[in-house]
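Structural overview for review
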Number of protein chains: 2
Amino acid sequence: MTDNAGASLEHILEAHRGRVDDALAEQLPLRRPEQLYEASRYILQAGGKRLRPTVLLLVAEAVTGTAPLSADYRAFPDLQSEPIDILSAAVGIEVIQSFTLIHDDIMDDDDLRRGVPAVHSEYDVETAILAGDTLYSKAFEFVLASEAPPARGVRATERLARTCTNICEGQAFDIEFESRDDVTVEEYLEMVELKTGVLYSAATTIPAILVGAADETVGALRRYGRSVGKAFQIQDDVLDLTTPSSELGKTRGSDLVENKQTLISVHARAQGVDVDALVDAEQLEAVEEATIDAAVEELEAAGSIEYARETAADLVESGKAELQVLPAGDARRALTSVADYLVDRSY
Amino acid sequence: MTDNAGASLEHILEAHRGRVDDALAEQLPLRRPEQLYEASRYILQAGGKRLRPTVLLLVAEAVTGTAPLSADYRAFPDLQSEPIDILSAAVGIEVIQSFTLIHDDIMDDDDLRRGVPAVHSEYDVETAILAGDTLYSKAFEFVLASEAPPARGVRATERLARTCTNICEGQAFDIEFESRDDVTVEEYLEMVELKTGVLYSAATTIPAILVGAADETVGALRRYGRSVGKAFQIQDDVLDLTTPSSELGKTRGSDLVENKQTLISVHARAQGVDVDALVDAEQLEAVEEATIDAAVEELEAAGSIEYARETAADLVESGKAELQVLPAGDARRALTSVADYLVDRSY
């Protein structure tokens, strides 16, 4: 990535992010019952990189050969130059992500999200369940509101529904794995694919389907999304151990304390490391930096952190290779850069 | 309703119920992750009258002039005699109902459902949230699996998505109303329409859309569903006060104890009855039958129970009148009888 392309990418990401922010406010107005919609908008308004909807818009641009930022995204020209509301579909993907965050935070008993109280902390568990449920159906409304030709609308909605089912399955495996010490690399990667990979994959396939891309293109974009989505999660696992708490926005080493399975812990265990003994603290607050440093040292010695980094990098490379199916141009270049960013980022 | 038609209706309802039970088991197999699917099937397997999916099948029969029980419901002839899997859509409606029960029971802290522990009691809150979320997306998968022509698939899915949003809005109003003593009849009826009416309405419009009915027919069926759905809820409110606990399957008068708004309490308050003073018990178990008897007597004196009964009966009559849009026959007759049953039933 040259400096030049980097600046351009920054600009594109920033512009799409602003566009998605505006569209979110527009599509989720504060209507009656007010507390429900207030709670539904709460996490969305607390920020977020809008990576998935941005990727969705970039894919629509790349597939149709539209220069980034040049179109009306409420009347985006599909491959037959017919207008579709691709921005509405982008909002749908962000809203699904938000629904999963709200419900996951209840399930994982996480009280902070994006630097503010989680919805169940700011309001209560009842409101948080209901806010998530509302965003869930809104996402389907938004994808359908793209007004693509019906056959594509059906395919896109099927993809969205299967994606949501898969995310639930992934979360169920994640919870199940917390009480197991014999999780294999294959099982872990399957969980990550379901929990994180498929939503990226939805963000890359749904726009392709909506603009009328050929099956071959949709398939390649599905693999791209799945690979970079998995890489994103594995990189998250690495950052949880290697980034100072201040930059991370949460306590470093929280995965070890909470006994969360990560590719690192699964690999280390297979190397004979007694992962459960690395950090012996009941409460996250009680863990000292030195304990985490020692744990990281042991995991590094076992080659586990390097293994995770390499796996993420390999996934990003194989994901990027899939992009060859797209016409060359700024949008394709941006999708390549986004993939690199996912593993290069430090927080 | 003559004895003859009654016997026939019983047979039709029983046959459709069995059909839906079988289809549920088929479409929700026990797959990995097993605990998730076990929990998702738990309430569905605990029973249920399958009223909504039965109504859905009856509407498909009535609109197409198909004699009840005479078709292959996996390849049901639409108005152009093309096969659609109407049974899959019926399962979708039951699954949505089940998702709302699971999440509502968490929100309302109800520990019993259909005579067995609620999902969050039998498993835990995390699993119950996730089981509901899984059924939510499965419902969309099932309606889309009907394989109707795409334009109809899109319309049916839009209807389902809006229905789910409305149900959340209705539940939010229901919770909000618990802490208010100035709820009007209009507000109450709006809440009931959202919380209960729209799902019946989805059960009557989705099959009409899928088989290719004219807009006029879809509109009439929407009004039929909405009216009988509201009547169903109001009748539930009446039964909560007038049916012995043993028949009810829950403690009689629970709405009064939990300070739930019902059409009865809203009406009584407008008549000057101090509804909050009728039952003064913190715990449902502590209320004596005599207290409930006295409360019912006061509500009867205010004309509130009669008012609710009459409102439900009026809704059923106006709902039934909408059925004139359908061709005469056994299915239409069955839909009329179902409407009557909703307000005639004693539990």
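Look a little higher up for the structure.
What to know about a negative patch on the surface
Residue and element names in this part refer to chain A. Negative charge collects at one region of the surface, where Glu297, Glu300, Glu306, Glu310 and Asp314 lie side by side. Of all the elements in the fold, those that place two or more residues in the negative patch are α14 (289–301) and α15 (304–322). Ranked by residue count, the leading element in the negative patch is α15, at three residues. Inspection of the secondary structure assignment puts Glu297 in helix α14.

Things to note about the relation of the copies chain A and chain B
Rotating chain A by 180° and translating it 0.0 Å along the rotation axis places it on chain B, where the RMSD comes to 0.0 Å. Both copies of the chain, as the preceding transformation shows, are related through a two-fold rotation axis. Residue Pro150(A), judged by its C-alpha, is the member of chain A lying nearest the rotation axis, at 2.6 Å. Residue by residue, 100% of the interface of chain A is reproduced at the interface of chain B, so both copies engage with the same surface.

Things to note about the pattern of salt bridges
Across all of its chains, the model carries 52 salt bridges over all chains by this definition. Of the charged contacts, one joins Asp85(A) and Arg74(A) as a salt bridge, the two residues approaching to 3.2 Å between their closest N and O atoms. Residue Asp85(A) is located in the loop between β2 (83–84) and α4 (86–108), and its partner Arg74(A) is located in the loop between α3 (51–64) and β1 (76–77); the two are separated by eleven residues in the primary sequence. Across the salt bridge formed by Arg252(B) and Glu289(B), the nearest N and O atoms sit 3.1 Å from each other. Of this pair, Arg252(B) sits in the loop between α10 (245–248) and α11 (254–257) while Glu289(B) sits in helix α14 (residues 289–301); the two residues are 37 residues apart in sequence, bridging distant segments of the chain.

Some thoughts on the interface of chain A and chain B
Counting residues at the interface gives 38 residues for chain A and 38 residues for chain B. In total, chain A and chain B occlude about 3300 Å² of area from one another, counting both sides; carbon and sulfur atoms represent 72% of this. For the chain A face of the interface with chain B, the top three residues by lost area are Met107(A), Leu130(A) and Leu144(A), together amounting to 16%. Linking chain A with chain B are four salt bridges. Of the charged contacts in the structure, one is a salt bridge between Arg31(B) and Glu169(A), with a shortest N-O distance of 3.5 Å. Contributions of two or more residues to the side of chain A that touches chain B are made by α2 (34–45), α4, α6 (125–144) and α7 (150–177) of chain A.

As for the packing of aromatic side chains
Following the criterion strictly, the structure yields 14 aromatic pairs over all chains and no others. Ring centres 3.9 Å apart and planes at 10° place the aromatic pair Phe140(A) and Phe140(B) in the stacked group. Of this pair, Phe140(A) sits in helix α6 while Phe140(B) is found in helix α6 (residues 125–144), placing the two residues in two different chains. Considered together, Phe140(A) and Phe140(B) belong to a single accessibility category, that of buried residues. Grouping aromatic residues by their ring pairs yields a cluster made of Phe99(A), Tyr136(A), Phe140(A), Phe99(B), Tyr136(B) and Phe140(B).

Remarks on α3(A)
Between its first and last C-alpha, α3(A) extends 20 Å over 14 residues, near the 20 Å set by a 1.5 Å rise per residue. The first or second residue beyond α3(A) is Gly65(A), which carries a positive phi of 70°.

Topic: the packing of helix α12 (residues 263–270) of chain B against helix α15 (residues 304–322) of chain B
All names here are of chain B. Viewed as axis vectors pointing N to C, α12 and α15 meet at an angle of 130°, and their least axial separation amounts to 8 Å. The angle between α12 and α15 falls in the class oblique. Every pair of crossing elements has a handedness; the one defined by α12 and α15 is right-handed. Packed against α12, whose contacting residues are Leu263, Ile264, His267 and Ala268, the element α15 presents Ser304, Ile305, Tyr307, Ala308 and Thr311 at the interface. Grouping the amino acids of the contact of α12 with α15 by side-chain chemistry returns six nonpolar, three polar and no charged.

Reading the values: rules and limits
Residues numbered from 1 in each chain as written. Chains lettered and ligands numbered in written order. Predicted model: local features only at pLDDT ≥ 70, side-chain atom pairs only at ≥ 80, totals over all residues. Heavy atoms only, no water. Patch = residues over 30% accessible without salt bridge, like charges linked within 9 Å, V, L, I, M, F, W, Y side chains within 5 Å. Areas by Shrake-Rupley, 256 points an atom, 1.4 Å probe, with all protein chains shown as cover. Salt bridge = Lys/Arg side-chain N within 4 Å of Asp/Glu carboxyl O. Lys, Arg positive; Asp, Glu negative; His and termini not counted. Charge placed at Lys NZ, Arg CZ, Asp CG, Glu CD. Helix = DSSP H or I, 4+ residues; strand = E, 2+ residues; numbered from the N terminus. Least-squares fit on C-alpha atoms with pLDDT ≥ 70 in both. Contact = heavy atoms within 4.5 Å. Buried area = accessible area lost by both parts, 1.4 Å probe. Phe/Tyr/Trp six-rings, centres within 6.5 Å; stacked < 30°, edge-to-face > 60°. Buried < 20%, exposed > 50% of the residue type's maximum accessible area, 1.4 Å probe, protein only. Expected span 1.5 Å × (residues − 1). Axes fitted to C-alpha atoms, helices over the stretch in contact; angles between N-to-C directions. Parallel < 35°, antiparallel > 145°, perpendicular 65-115°, else oblique. Left-handed = near helix turned anticlockwise from the far one by under 90°. Nonpolar A, V, L, I, M, F, W, Y, C, P; charged D, E, K, R; others polar.

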